[in-house]
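Architecture at a glance
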Amino acid sequence: MDTTTMNPEGRAFSIKLWPPSQTTRLLLVERMANNLSTPSIFTRKYGSLSKEEARENAKQIEEVAFSTANQHYEKEPDGDGGSAVQLYAKECSKLILEVLKRGPITKVDGEEPTSKTFNEACETVFDISKGQRAFVEAEEAEELLRPLKEPGNSYTKICFSNRSFGLGAARVAEPILASLKDQLKEVDLSDFIAGRSEGEALEVMAIFSEALEGCVLKSLDLSNNALGEKGVRAFGALLKSQSSLEELYLMNDGISEEAARAVCELIPSTEKLRVLQFHNNMTGDEGALAISEVVKQSPMLEDFRCSSTRIGSDGGVALSEALQTFTNLKKLDLRDNMFGVEAGVALSKALAKHADLTEAYLSYLNLEDEGAVAIANVLKESASALEVMEMAGNDITAEAAPALAACIAAKQLITKLNLAENELRDEGAIQISKALEDGHAQLKEVDLSSNFMRRAGARCLARAVVHKPGLKLLNINGNFISDEGIDEVKSIFNEFPNVLGSLDENDPEGEDDNESGEGEDEGDELESKLKNLEVHQED
């Protein structure tokens, strides 16, 4: 779906697809009511509803679908809402079919059918995470979890995040959860023991684990629970019973080397796993070896996040080799680890296997020029649909700029480019600018902040991107741009001042010219020399 339009000046601007307007929602209700009450393949098979009943059900279907899609959007607020719209439509279609299969509701003693019957049939998400973070004890648990005890409920997803369960509350939840084993598909127990002592927390986790043992889950989120090895093993009964997981989240869980080994040991199969996220743990190299074994056994993996996990060169090489064993990755996030050059080169070999990669978050990996060039050369020839390319904070200099520029020139669908906190200087910035000049109509954000850039590089970059139809941000803060250069860049963005990021951390004095190797005059001369530089998309 097109998410841009043109303003009177001919510049495209972004449109948020979510949330839909009230008018759109009302029109959808009318359309669904018509589908429920008029002849079709489905109404002939299951029977149609009266117009009155159809409209009432359509209202409730829309409300449930909107709530589900809005929860999804809140987890990914930076997107344009396209995925939320798709989920909204999918949920509406699913619920229409469920209502038709249920059939018309017969009135009793002249009473109108109630919405409760619909909710029992169609409500699928039970979420107590909203509101203030709070402790939950036995009495409150009885009230909070009451809807889960209603006969015939259709809950397939539960979210207990943001509430801290004590032993009493866990014992109340135990038989209720056990009664839902056959219907639960998604379980979110992230951040559900905060503030409890270690002994109580482990006992609570064990109770939940045993209650849910045997559920055939698609998604399991145990993030933000400071699990460590003891916590992972407290969930042993549940983990051992999972062979159909598609999504597993273990973020900010204190996953050490031992805990990572426990995860690898306990889960019997990850053959269907599509999403695996280990962000912000203390895994280290040895833990990375265990995670690598999980990755090797996950041939369907599409989204892998192992950022901020203290992994060095050996662990980086092991993970990279594991990533070579399958071909489905679409999103890879390895930010903020200590890979170094050797692991960077190994990673480049892995990336060659993943032609469908759309998002690559590879910042703060100590790649240096050699690692960055190896990755850029591979991405240039593969990942034709790459949308996000992040390689900030990798000690990349102008020596790597030709390879980076060639890669960027080939990535015409790129929406976000982040090369901040490197050492590209004017020479590298000008080559990156040349790569961005032609095409790149989807470009939304470019970040070359803190790159020792001066006036010539800033000017060239500004001119290259200012007329990109969807551009939302150019960040060149933290560089060494002269006051005259700042004025020049602002003049280039005169019609679109909100697109140019803050320049309050720019240092016009910069470093000593003898250290930098170029002053304003040298920068202008460099731009002149590179004016006719050609950046080739293909060899």
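Residues numbered from 1 in each chain as written. Predicted model: local features only at pLDDT ≥ 70, side-chain atom pairs only at ≥ 80, totals over all residues. Heavy atoms only, no water.

As annotated in an unreviewed UniProt entry, the protein chain is RAN GTPase-activating protein 2 from Vitis vinifera.

**Concerning the environment of A138**
For clarity, the threshold we go by: Strands here mean DSSP runs of E at least two residues long; helices mean DSSP runs of H or I at least four residues long; both are numbered from the N terminus. Classification of residues uses two cut-offs on accessible area relative to the type maximum, computed with a 1.4 Å probe and protein chains only: under 20% is buried, over 50% is exposed, and between them is partly exposed. The criterion used for residue contact is that any of the two residues' heavy atoms lie within 4.5 Å.
Relative to the elements of secondary structure, A138 occurs in helix α6 (residues 138-144). Judged by relative accessible area, which is 31%, A138 ranks as partly exposed. With 34 residues separating them in the primary sequence, A138 and V172 have C-alpha atoms 6.2 Å apart. Not counting chain neighbours up to four residues away, the residues in contact with A138 comprise G168, A169 and V172.

**A word on unusual backbone geometry**
With the exception of glycine, the majority of residues adopt a negative phi angle, and the majority of peptide bonds are in the trans configuration. Backbone geometry at N366 places phi at a positive 55°, although glycine is not the residue there. Here N366 lies in the loop between β13 (359-361) and α16 (368-381). Under the relative-accessibility criterion, N366 is labelled partly exposed at 34%. Despite not being glycine, E368 has its phi angle at roughly 60°, a positive value. Accessibility expressed as a relative area gives 41% for E368, which makes it partly exposed.

**Quick look at a negative patch on the surface**
Where we set the bar: For patches, a residue must show more than 30% relative accessible area and have no salt bridge; joins then use 9 Å for like charges and 5 Å for nonpolar side chains, namely Val, Leu, Ile, Met, Phe, Trp and Tyr. Note that accessible areas follow from Shrake-Rupley with a 1.4 Å probe, and for residues the cover is restricted to the protein chains shown. Salt bridges are identified by distance alone: a Lys or Arg side-chain nitrogen within 4 Å of an Asp or Glu carboxyl oxygen. A positive count includes Lys and Arg, and a negative count includes Asp and Glu. His and the chain ends are not counted in either. Charge placement uses NZ in Lys and CZ in Arg. For Asp and Glu, CG and CD serve respectively.
On the surface, a cluster of negative charge is contributed by D483, E484, D487, D507 and E509. Here E509 lies in the loop between α20 (483-492) and α21 (513-516).

**Describing the nonpolar core**
To keep things clear, this is the line we draw: To define a nonpolar core, start from buried Ala, Val, Leu, Ile, Met, Phe, Trp, Tyr and Cys residues and group those joined through side-chain atoms within 4.5 Å.
In terms of nonpolar packing, the biggest core is built from 128 residues, with F160, F208, F304, L332, L362, M391 and F493 touching the most fellow members. Discounting residues that sit within four places of it in the chain, L362 has contacts with L332, L334, R335, L347, L351, L367, I375, E390, M391 and N394. Within the second largest apolar cluster, 22 residues are counted, among which are L28, V29, A54 and A69.

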